[in-house]
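Chain residues, written in single-letter form:
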Amino acid sequence: MPEPKPADSVGLVVPQFRHFDEPLALDCGVTLPAYDLCYETYGALNAAGDNAVLVCHALSGDAHAAGYHEEDSRKPGWWDNCIGPGKPLDTNRFFVVCANNLGGCNGSTGPLAVKPHSEKRYGPDFPIVTVRDWVRSQVRLADVLGVKQWAAVMGGSLGGMQVLQWTIDFPDRVRHAVVIAAAPRLSTQNIAFNEVARQAIRSDPEFHDGHYVEHGVMPERGLRLARMVGHITYLSDDVLHAKFGRELRDGKINFNFGVEFQIESYLRYQGESFVNRFDANTYLLMTKSLDYFDPAAEYGDDLTRALASCQASYLVISFSSDWRFSPKRSREIVRALLDNDLDVSYVDIESELGHDSFLLPIAQYHEVLRAYFDRVRTSP
Amino acid sequence: MNMAGLRAEQALIADWITAGSRVLDLGCGDGQLLAALAEHKGVTGYGIEIDPDNIVSCIKRGVNVIHSDLDAGLSEFDPESFDFVIMTQTLQATRFPHELIDEMLRIGRQSIVTFPNMGHWKCRAQFLLGRMPVTRHLPHTWYDTPNIHMCTLSDFEDLCAEKHLEVLARAAVDSKHRAVPGMGLWPNLLAEIAVYRIRRRG
């Protein structure tokens, strides 16, 4: 954390844990006998309990959305540029909650957790969880925190899908839904990319059918590759070109297979830093939740009908150069909301930065968020 | 209706809008009209806008706004899903005004359209002098103007006749947005801004 603490930072934060004893029936048919959720909160819940905002994380996110864990932490939470005193999601006004999704590897029950009444970790036996399961698991957290209705639920990418699911499953518990860089379901191309990532992990000789921890190893090569592929799809061709072009690390080609182009070095770095913080089984689970998300499926593929019981007001945001969750996909959501006469505003933010834009402090984007949150009514 | 801050043209429109109706405002700008209609007439609906700064203003006012290019069409909206589709001072800047009017009357039961009148005497005078008109309400030079499809009241009414559209009401204001005296006699000469309420016949 920089010294002195920046005025718009939530500062030092401590992750919290909540144990839930009541069994949770999952979409896959398995029932989790109990589970833990790791979460962080910023700001304070007001007396009326109507200023709580739930932030949903994306594929590789966690509960640490803002602030710093240690005095000497170099990096703040993953959405620190957006959450804090005076920031677009202003913690002076709102009580912000972010929970690590079930199946995650950063505190909430997932493949790294020890099975109940056992000494073994779940590993590959952790059931495949869906976006709907996450909402089910987190509504109990809302109850515990005394939040009857979220002032807003907000998230980008997979997190945006979770926002949509919240408003479908608990229409009376969400006043505003901020759905960023999301889609009503993955495209075929997206599922294809996820399968490449999964195969990279599963074909790593150190994967051991998911039991790598018992073998004292990690399928690092596979996870690294998965992240490299993912990372390419999160950025636009233009931004990769602008950042790295065809620049050579040694200034000349060497006629070998070492790192030559700067982009190669960058991707290896991204892959490397990812394996140090993420679990391969969790990565597999999260890509599956993405693939399975399809709220319209049980309504004859009619998204309008899927959203028919929704009550929230929506803000839908896309980014012009996002080709993984393109503006067109956001417009599908907008259209279904319009068909249901729901309150909705939609903005496509001009950005060269691809899907990753949703995590970046783009001026226009943050201005839209700020304007929207200004309208979210809360008791004093 | 007293709606402070509205241009006379917008106040005219507000008078024509039935309370409690559903309205779509194409090119809604900063959302002022929709916000006033919501507050004073209990109107619900959406604005469509392309300019990002205007979109932020709409959101600040609590107006539902959809970021969209009118030239890309309105296929998102179902037939007859609005009571009124409004378009103020935008028709002349669209690529296919005639198709947009069709679209407006597909999704709305009635449409209200306003546009700068090229038939105003000041424009005619400049044409007589051999120049493209540049006036207070049409301040752009020919080479740098968003207005690519200018028309006169007569032209517009010809289009309505051709499309079998019924003109339910017509009004005119000047560039200071005051109602124009003498409008009944020489509308095409005196109106700087034309305001029409139209619907499909039958």
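What you are looking at is a predicted structure, and each value in this text was computed from that prediction instead of being measured.

Cut-offs applied
Residues numbered from 1 in each chain as written. Chains lettered and ligands numbered in written order. Predicted model: local features only at pLDDT ≥ 70, side-chain atom pairs only at ≥ 80, totals over all residues. Heavy atoms only, no water. Helix = DSSP H or I, 4+ residues; strand = E, 2+ residues; numbered from the N terminus. Rg over C-alpha atoms; globule rule 2.2 N^0.38 Å. Contact = heavy atoms within 4.5 Å. Areas by Shrake-Rupley, 256 points an atom, 1.4 Å probe, with all protein chains shown as cover. Domains from an automatic or database assignment. Buried area = accessible area lost by both parts, 1.4 Å probe. Polar contact = N/O pair within 3.5 Å; in protein donor to acceptor, adjacent residues only side chain to side chain. Nonpolar A, V, L, I, M, F, W, Y, C, P; charged D, E, K, R; others polar. Patch = residues over 30% accessible without salt bridge, like charges linked within 9 Å, V, L, I, M, F, W, Y side chains within 5 Å. Salt bridge = Lys/Arg side-chain N within 4 Å of Asp/Glu carboxyl O. Lys, Arg positive; Asp, Glu negative; His and termini not counted. Charge placed at Lys NZ, Arg CZ, Asp CG, Glu CD. Buried < 20%, exposed > 50% of the residue type's maximum accessible area, 1.4 Å probe, protein only. Pairing = 2+ DSSP bridges.

### A closer look at the overall build of chain B
Next, step 1: When its secondary structure is counted, chain B shows seven helices and seven strands.
Next, step 2: Along its sequence from the N terminus, chain B presents helices and strands in the succession α-β-α-β-α-β-β-α-β-α-α-β-α-β.
Next, step 3: On C-alpha atoms alone, chain B measures out to a radius of gyration of 16 Å, which is about the 17 Å that the 2.2 N^0.38 rule sets for 202 residues.
Next, step 4: In terms of overall dimensions, chain B has C-alpha extents of about 45 × 40 × 35 Å along its principal axes.
Next, step 5: Within chain B, counting contacts between residues at least 6 apart in sequence, those at least 24 apart form 67% of the total.
Next, step 6: Total accessible area computed for chain B in this model is approximately 9300 Å², and 52% of it derives from carbon and sulfur atoms.

### A short note on the domain arrangement of chain A
Residues and elements named next belong to chain A.
Next, step 1: What the domain assignment reports for chain A is domain 1 (16-186 + 294-378) and domain 2 (191-287).
Next, step 2: Centre-to-centre separation of domain 1 and domain 2, based on C-alpha positions: 26 Å.
Next, step 3: Counting residues at the interface gives 29 residues for domain 1, matched by 28 residues for domain 2.
Next, step 4: Of the roughly 2400 Å² buried at the junction of domain 1 and domain 2 (both faces included), carbon and sulfur atoms supply 63%.
Next, step 5: Here domain 1 is connected to domain 2 by nine residue pairs in polar contact (both at pLDDT 80 or more).
Next, step 6: In terms of residue class, the side of domain 1 that touches domain 2 is made up of 14 nonpolar, nine polar and six charged.

### Things to note about a negative patch on the surface
Next, step 1: Together, E3(A), E70(A), E71(A) and D72(A) make up a negatively charged patch on the protein surface.
Next, step 2: Relative to the elements of secondary structure, D72(A) occurs in the loop between β5 (52-56) and β6 (83-84).

### Some words on the environment of V114(A)
Next, step 1: Summarising the element assignment, V114(A) is placed in the loop between β8 (95-99) and α1 (131-145).
Next, step 2: With sequence-adjacent residues up to four places away left out, V114(A) is seen in contact with E119(A), K120(A), R121(A) and Y122(A).

### Brief notes about the pattern of salt bridges
All names here are of chain A.
Next, step 1: The tally for this structure, following the rule as stated, stands at 28 salt bridges over all chains.
Next, step 2: Taking the shortest distance from any N to any O, the salt bridge between K115 and D125 comes out at 3.3 Å. Taken together, the residues span a long stretch of sequence, with K115 in the loop between β8 and α1 and D125 in the loop between β8 and α1 at a distance of ten residues.
Next, step 3: Judged by its relative accessible area of 24%, K115 falls in the partly exposed class.
Next, step 4: Via salt bridges that share partners, D27, R132, D133, R136 and E298 belong to a single interconnected network.

### With respect to the environment of D322(A)
Residues and elements named next belong to chain A.
Next, step 1: Take D322: it is sitting in the loop between β11 (313-319) and α9 (327-339).
Next, step 2: Separated by 184 residues in the primary sequence, D322 and Q138 have C-alpha atoms spaced 29 Å apart.
Next, step 3: Once residues lying within four places of it in the same chain are set aside, the contact partners of D322 are A181, P327, G354 and H355.
Next, step 4: Of note is the side chain of D322, whose polar atom sits 3.0 Å from the backbone nitrogen of R324.
Next, step 5: Polar side-chain contacts of D322 include one of 2.9 Å to the backbone nitrogen of F325.

### Topic: the pairing of strand β7 (residues 193-200) of chain B
All names here are of chain B.
Next, step 1: Counting buried positions along β7 yields six of eight residues, so the element is predominantly enclosed.
Next, step 2: Bridge count for strand β5 (residues 108-116) against β7 is six bridges, and the pairing is antiparallel. Following the sheet pairing, I112 is matched in β7 by R197.
Next, step 3: Pairing between strand β6 (residues 165-173) and β7: eight bridges, direction antiparallel. Bridge pairing in β7 links R170 to Y196.

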